[in-house]
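Given next are the chains, with one letter for each unit.
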Amino acid sequence: MAHSSIGVLGATSLVGPPLLARLVQSGRSVLACSRRPSTQPSADGIAWCTSGESLPVAVPPPHWIALCPPWATVDALEWLTASGATRLIALSSTSIVTKQASPDRSERQLAERLATAEAALASQAAHAKIAIVILRPTMIYDGHSDGNVTAIAAFARRFGWFPVCGPARGLRQPVHAEDVATACLAALDFDVPQATYMLSGGEVLSFRDLVERICRAQGLTPRLVHLPRWAWQFAAFVGRALGLARGATLGTAARMNEDLSCDHAAAARDLGFQPRPFQPACLSPRNEPCRL
């Protein structure tokens with residue numbers, strides 16, 4: 001049975017807005033927690049609070065959804081336990097698997113950090129008798145503010161082309177933020193002590209096809225420049241120095257030709273997860289929706 005009051009950690013994250021909207025639409029009251037709640041607009045059914053501080057409600061919600069990185073959820077677990085939490089849905093990432101053997105040290109460290117955080121969540125939640133479901137989404141996009149699809153769109157708009165490493169045939173399954181929010185809602189009502197699910201998009205496509213579709217969504221003719229790895233890495237180094245490719249790493253080039261798709265059959269079976277195909281949006285130079 002759906003509980004009438006839900007707490008959300010990391011409520012200003014990429015998945016936050018669609019999740020809050022869906023919770024309110026379902027008739028639930030929401031306690032949305034953020035590090036900077038004072039900057040958020042008020043809305044019916046949503047009360048804002050600062051993560052880790054005293055809750056502004058007489059009866060704290062027993063069920064929580066954590067959209068922040070899992071290590072931040074670990075840090076908040078004692079606070080949630082003290083407030084009487086009995087169920088937790090926590091986001092992690094498929095990077096726990098896909099970046100384990102990355103040539104980039106920082107990416108390997110990220111995979112290790114994710115694994116450590118997930119293990120701590122499972123152990124501490126079991127000790128506190130909190131039922132927990134961990135969701136591992138692939139690359140999340142929302143069409144206007146994410147750091148991956150919008151970065152590709154911005155580069156293509158500015159230069160009229162996009163550099164890829166080699167054939168760029170590695171498979172991808174981007175998942176929309178709204179579909180992740182829907183999975184979080186479904187997991188709230190899934191009565192198990194502990195479970196972990198992969199969340200991927202409804203369509204598998206190559207990295208090359210992903211870039212081409214993003215370009216077409218901007219009204220651009222796709223122009224991909226195929227570079228050998230050494231040339232791509234040099235271009236990425238220059239791009240980072242100029243502030244044009246802050247997220248480009250040694251691992252980025254390798255992953256363009258690695259399959260990073262994953263099977264979400266378990267989430268489909270247990271949570272009714274039915275993600276949409278990849279649907280990039282058209283964006284203006286200010287990353288606002290535009291019309292072609």
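Everything below is about the structure printed above this text.
Note that the coordinates shown come from a computational prediction; the quantities given were computed from them, not determined experimentally.

*Asks:* Which residues make up unusual backbone geometry, and what values do they have?
*Replies:* For residues besides glycine, phi is generally negative; the peptide bonds are generally trans as well. The residue lysine 129 is not glycine, and still its phi comes out positive at about 60°. By secondary structure assignment, the location of lysine 129 is in the loop between α4 (105–127) and β6 (131–137). With a relative accessible area of 71%, lysine 129 lands in the exposed category.

*Asks:* Can you break down the packing of helix α2 (residues 70–82) against α4 residue by residue, with the values?
*Replies:* Direction vectors running N to C along α2 and α4 enclose 30°, while the axes themselves pass 8 Å from each other. Between α2 and α4, the angle is such that the two are roughly parallel. Regarding α2 and α4, the two cross each other, and that crossing is left-handed. Taken together, the residues of α4 that come into contact with α2 (itself represented by Pro70, Trp71, Thr73, Val74 and Leu77) are Leu110, Arg113, Leu114, Ala117, Ala120, Leu121, Gln124 and Ala125. Considered class by class, the residues forming the contact of α2 with α4 number ten nonpolar, two polar and one charged.

*Asks:* If you had to explain the pairing of β6 to someone new, which residues and values would you point to?
*Replies:* For a regular strand, side-chain orientation follows a simple rule: the groups alternate between the two sheet faces. In terms of residue burial, β6 counts as a mostly covered element, since seven of its seven residues are buried. Across the two faces of β6 the burial is the same, with Ala131, Val133, Leu135 and Pro137 and Ile132, Ile134 and Arg136 all buried. In the sheet, strand β5 (residues 87–91) pairs with β6 via five bridges, with the strands oriented parallel. Each residue of the ladder has a partner; that of isoleucine 89, found in β6, is valine 133. Bridge count between β6 and strand β11 (residues 194–199): six bridges; the pairing is parallel. When the bridges of β11 are listed, leucine 135 appears paired with tyrosine 197.

*Asks:* Break down the sheet that holds β5 for me, citing the residues and quoting the values.
*Replies:* Strand order in the open sheet formed by seven strands is β3-β2-β1-β4-β5-β6-β11, and the pairing between neighbours is parallel. Each edge of the open sheet is held by one strand with a lone partner, namely β3 (46–50) and β11. On average, adjacent strands in this sheet sit at an angle of 20° to one another, irrespective of strand direction. Pairing of strand β1 (residues 5–9) with strand β2 (residues 29–34) involves five bridges; the strand directions are parallel. Along β2, the bridge assignment pairs valine 8 with alanine 32. Where α2 meets the sheet, its contacts fall on β1, β2, β3, β4 (63–66) and β5, and the angle it forms with β5 comes to roughly 165°. Here helix α6 (residues 177–188) sits on the sheet in contact with β1, β4, β5, β6 and β11, set at roughly 155° to β5.

*Asks:* Help me get a handle on the nonpolar core, residues and values and all.
*Replies:* Among soluble globular proteins, nonpolar side chains are generally buried collectively. Ranked by size, the top nonpolar core spans 34 residues in total, and within it Val8, Val15, Leu19 and Leu135 carry the most contacts. Breaking this core down by element, the ones donating at least two residues are β1, α1 (16–25), β2, β5, β6, α6, β11 and α10 (265–271). Ranked by residues supplied to this core, first place goes to α6 with eight residues. Once residues within four sequence positions are removed from consideration, leucine 135 is found in contact with Ile89, Ala90, Leu91, Ser92, Ser93, Ala183, Cys184, Tyr197, Leu199 and Leu271. Among the nonpolar cores identified, the runner-up in size contains 24 residues, and Ala153, Phe162, Leu224 and Trp232 belong to it.

*Asks:* Which residues make up the environment of glutamate 118, and what values do they have?
*Replies:* Inspection of the secondary structure assignment puts glutamate 118 in helix α4. Residues glutamate 118 and leucine 91, 27 residues apart in the sequence, show an inter-C-alpha distance of 9.6 Å.

Definitions and limits used
- Residues numbered from 1 in each chain as written.
- Predicted model: local features only at pLDDT ≥ 70, side-chain atom pairs only at ≥ 80, totals over all residues.
- Heavy atoms only, no water.
- Helix = DSSP H or I, 4+ residues; strand = E, 2+ residues; numbered from the N terminus.
- Buried < 20%, exposed > 50% of the residue type's maximum accessible area, 1.4 Å probe, protein only.
- Axes fitted to C-alpha atoms, helices over the stretch in contact; angles between N-to-C directions.
- Parallel < 35°, antiparallel > 145°, perpendicular 65-115°, else oblique.
- Left-handed = near helix turned anticlockwise from the far one by under 90°.
- Contact = heavy atoms within 4.5 Å.
- Nonpolar A, V, L, I, M, F, W, Y, C, P; charged D, E, K, R; others polar.
- Pairing = 2+ DSSP bridges.
- Core = buried A, V, L, I, M, F, W, Y, C linked by side-chain atoms within 4.5 Å.

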